[in-house]
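So the chains spell out like this:
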Amino acid sequence: MTTGSTGSTFPKWQLALLIGTPVAIGLGYMYWRKSADQGEGGDKLTKKKLADIKDKTISLDGDDRSRVSDTKQKEAKPLTGRELALKHKNDGNAHFRVGKYDLAIKEYDAAIEHCPASETTDRGTYYQNRAAAYEQLQNWSAVINDCEKAIECNPKYTKALIRRAKAYEQQGELAKALEDITAACILDQFQNKTSLVMADRILRELGQQHGREAMKAKKEVVPSALFIRNYFSSFNNDPVRKLVVASSEPKGFIKAKALFDKGDYDGIVAACTEEIESSESESEYKLEALLLRGTFYNLMACYEEAKQDLEAVIELETADKKLRSNALIKRASLAMQTQPETPEECFRCFAQAEEIDSTNCDIYHHRGQVYILMDRLNEAITDFERATKLCPTSGIIATHLCYASYRLALMNKDEQGVQRVLKRFYDVLDQFSDCVECYSIMAQVLSEQQAYQDADNVFDKASKIEPDNAQILVHRGLLQLQWRGDIDEGVKLIKKAIQIDNKCEFAFETLGSIEVQRGNLVEAIKLFETAIDLARTEMSLVHLYSLKDAAIAQVNVSKKMGLSISSIQPNF
């Protein structure tokens, strides 16, 4: 689990808001929710508000009860045409209000039958009301059919679009549901909180569906050399990396270690497999080969294979404790990547690693990062402090301790605490002046504090230390957007990052988000697809598919409604 130069310290949706990305309808909701929580003119979703939202989803149109008395006054004169249709509609509404939905449907049938074809607005209302009754009976196909007819009568009928979206969601047709709720959000100019809440839910459901499907069909991808190098640099006690091999015979694990030391990663899995499959008499480094192969399987998103190799090392109680504890740390990370909703297995592995080798600082460092992801900041700080005592020469651990302390001060609204942590960041930079992770996280924190010039200076120093680090360029590109609103310079830096590292998922995702902001949705979709191909975890895939699905929905809606892309952008 790493941050900073190998990724971002900030949540995905926060990065999107940072560059003003209106791609995901869900981000509109996130923006509103963030404002509401901060008291910036929004309303929190109390139980009463949720009840109001529910009431609105089943409300009727044309529910003018005063018309009933008008029709009673005219009972002497037989009603025909529109007036008769109106009476049936009002009678249907009366039945609806007392829960007699079958009788309400019969009245709406009669209203539709008697309503002149030229009265399209009225007919749309009757179809919509009948759909509301079918919704109460959970007859979703009938809801869809009636909403379709209501929308034919009135193409901008937001209530019918929302109701049909709900019916599509109930039937599992999430892409259609997303298109309808997207259309409703556009027609309401992204101002209807109820629609934004629903859009956010559907978008997450569709992203989860696509993410799960993609993960099952995922092809193995060897990450970039920079990614692998940064991953291993997060371990101070990796036994394979530290191992000095006496033999120079170019086969099996010896070959794998030589390739690893040269930074030539493509042949490592095959060389480890050769060692593992050789006879016991010939296999001197079988456990080391299992650990190294399991590590690379994890990096390649071959999670089941990684699990098998790592557990083979863990289960051998006679194995060196450094090998077993390292395997357990990586097994914990694997559990968090594949089972983020149930972290118990992750923490069980960390606890077992601590029992085996309590002096391994990597246990506390990596567990501390998991705590950060879970916003359990006090526990993160405790682990980072313990890791620092065991390994005081690690700049990465010192930086992560600063970052956890910064997050805690922010959460507690402790401005003095924030300033103390910023001062500590500068001390860490002075102490570990060659640690790129220090510069990367420090610069991101300075950006969040709107100290843009200082952040740019720190990013510049990081790039000079590690000029092939694409992540630094992406973050610096984001800074140009946040600081100066300079899209051209931001795009230039991110494209340079892709030239340096064409496997940088973060660069493709960020550039795609920017293209959405520029109204280039088709290009954005292509960039998201590239990021999806490079993604390693289901969590990343869910997020990327949410971005892609939202962009596709907006493209399809704009075509159907005859709108230009620029006219459907929300103003945040």
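Residues numbered from 1 in each chain as written. Predicted model: local features only at pLDDT ≥ 70, side-chain atom pairs only at ≥ 80, totals over all residues. Heavy atoms only, no water.

### Quick word on the overall build of the protein
This is how the line gets drawn: Numbering of helices and strands runs from the N terminus, with a helix taken as a DSSP run of H or I at least four residues long and a strand as a DSSP run of E at least two residues long. Only protein chains enter the accessibility calculation, which uses a 1.4 Å probe; a residue whose area is less than 20% of its type maximum is buried, one above 50% is exposed, and one in between is partly exposed. Note on contacts: a residue pair is in contact if any heavy atoms of the two residues lie within 4.5 Å. For every accessible area listed, the method is Shrake-Rupley and the probe measures 1.4 Å; residues are considered covered only by the protein chains on display.
Helix and strand content of the protein: 30 helices and zero strands. Considering the protein as a whole, with its 572 residues, one finds that 54% of them fall into the buried category. For the protein, the share of sequence-separated contacts (at least 6 apart) that also reach a separation of at least 24 residues comes to 61%. A total of about 26,300 Å² of accessible surface is found on the protein, and carbon and sulfur atoms cover 48% of it.

### Some details on the side chain of His400
The condition that has to hold: Counted as a polar contact is a pair of N or O atoms within 3.5 Å, where, for protein atoms, one must be capable of donating a hydrogen and the other of accepting one, and residues adjacent in sequence contribute only when both atoms are in side chains.
Structurally, His400 can be placed in helix H22 (residues 395-411). His400 gets classed as buried once you look at its relative accessible area, which sits at 2%. At a separation of 2.9 Å, a polar atom in the side chain of His400 contacts the side chain of Glu437.

### Quick notes on helix H25 (residues 452-465)
Just so we agree on the cut-off: Working rule for helices: expected span equals 1.5 Å times residues minus one. It is the directions from the helix axis to the C-beta atoms that the arc portrays.
For H25, spanning 14 residues, the distance from its first C-alpha to its last is 20 Å, which sits close to the expected 20 Å at 1.5 Å a residue. If you check which residues of H25 are buried, you get Tyr452, Ala455, Asp456, Val458, Phe459, Ala462 and Ser463. For H25, the arc enclosing every buried residue in end-on projection is 165°, short of the 170-degree limit, so these residues lie on one face. On its buried face, H25 is in contact with helix H24 (436-448) and helix H26 (470-484).

### Focus on the environment of Tyr297
In this structure, Tyr297 sits in helix H16 (residues 286-299). A residue is classified by how much of its surface remains accessible, and Tyr297, at 14% relative accessible area, is buried. For the pair formed by Tyr297 and Val222, sequence separation is 75 residues and the distance between their alpha carbons is 8.9 Å. Ignoring anything within four residues of it in the chain, the contact list for Tyr297 reads Val269, Cys302, Glu305, Ala306 and Asp309.

### Topic: the packing of aromatic side chains
Convention followed: Here a pair means two rings of Phe, Tyr or Trp (six-membered ring of Trp) with centres within 6.5 Å. Their orientation is stacked below 30 degrees between planes, edge-to-face above 60, and tilted elsewhere. Placement of a charge over a ring requires the Lys NZ or Arg CZ to be within 6 Å of the ring centre, with the centre-to-atom vector within 35 degrees of the ring normal.
Inspection of every chain in the model, using the stated rule, returns 11 aromatic pairs. Residues Tyr452 and Trp483 carry aromatic rings whose centres are separated by 6.4 Å and whose planes lie at 25° to one another, so their mutual orientation is stacked. Separated by 31 residues along the polypeptide, Tyr452 in helix H25 and Trp483 in helix H26 bring together distant segments of the chain. An aromatic cluster of at least three residues, connected via ring pairs, comprises Tyr231, Phe232, Phe235, Phe260, Tyr265 and Phe296. Lying over the aromatic face of Phe235, Lys330 brings its terminal NZ or CZ to 5.1 Å of the ring centre. A cation over a ring is seen here: Arg484 above Trp483, with NZ or CZ 3.6 Å from the ring centre.

### Observations concerning the nonpolar core
If you look at soluble globular proteins, the nonpolar side chains tend to sit buried side by side. Rule in force here: Nonpolar cores are built from buried Ala, Val, Leu, Ile, Met, Phe, Trp, Tyr and Cys residues. Side-chain atoms within 4.5 Å join them into one set. In this document the domain limits rely on a domain assignment from an automatic tool or a database.
If you look at the biggest cluster of nonpolar residues, it comprises 119 residues, and the most contacted ones within it are Phe232, Ile268, Leu292, Phe296, Phe350 and Phe425. Top contributing element to this core by residue count: H22, with 10 residues. Taken together, domain 2 (224-358) and domain 3 (361-427) each give at least three residues to this core, which thus spans both. Not counting residues up to four positions away in its chain, the partners in contact with Phe296 are Ile228, Phe232, Phe260, Tyr265, Ile268 and Val269. Counting residues in hydrophobic clusters, the runner-up holds 49 residues, among them Ala111, Tyr127, Tyr134 and Ile144.

### With respect to the environment of Gln209
Looking at the secondary structure, you find Gln209 in helix H11 (residues 193-216). By relative accessible area, Gln209 is classed as partly exposed at 26%. The sequence separation of Gln209 and Ser546 amounts to 337 residues, and the corresponding C-alpha distance is 10.0 Å. Among all residues touching Gln209, those that are not within four sequence positions of it are Gly172 and Leu174.

### Let's talk about the UniProt feature "repeat: TPR" (unreviewed entry) in the protein
For clarity, the threshold we go by: UniProt positions are given in the numbering used here, feature names are shortened, and annotations may be inferred rather than shown by experiment.
The UniProt feature table records "repeat: TPR" (unreviewed entry) at residues 85-118, 361-394, 436-469 and 505-538. Annotated as residues 361-394, this span is 79% helix and 0% strand, and its ends, taken at the C-alpha atoms, are 10 Å apart. Helix makes up 79% of residues 436-469 and strand makes up 0%, while its end C-alpha atoms are separated by 9 Å.

### Concerning helix H9 (residues 158-170)
For H9, which comprises 13 residues, the first-to-last C-alpha distance of 18 Å matches the rise-based estimate of 18 Å (1.5 Å per residue) to within 8%. Among the residues of H9, those classed as buried are Ala160, Leu161, Ile162, Arg163, Arg164, Ala165, Ala167, Tyr168 and Glu169. Two residues or fewer past H9, Gly172 is found with a positive phi of approximately 80°.

### Some thoughts on the confidence of the model for the protein
Where we set the bar: Per-residue confidence from the predictor is reported as pLDDT, a score between 0 and 100.
A residue-level look at the protein finds 85% of positions with pLDDT of 70 or above and a mean pLDDT of 87. In the model of the protein, helix H1 (residues 12-18) stands out as the element of lowest mean pLDDT, 36, in contrast to helix H21 (residues 377-390), which has the highest, 98. Note on residues 2-57: pLDDT under 50 across the span, and 120 contacts to partners over four residues away in sequence or across chains. Low confidence marks residues 66-71, where pLDDT is under 50. Its contacts with residues over four positions away, or in another chain, come to four contacts.

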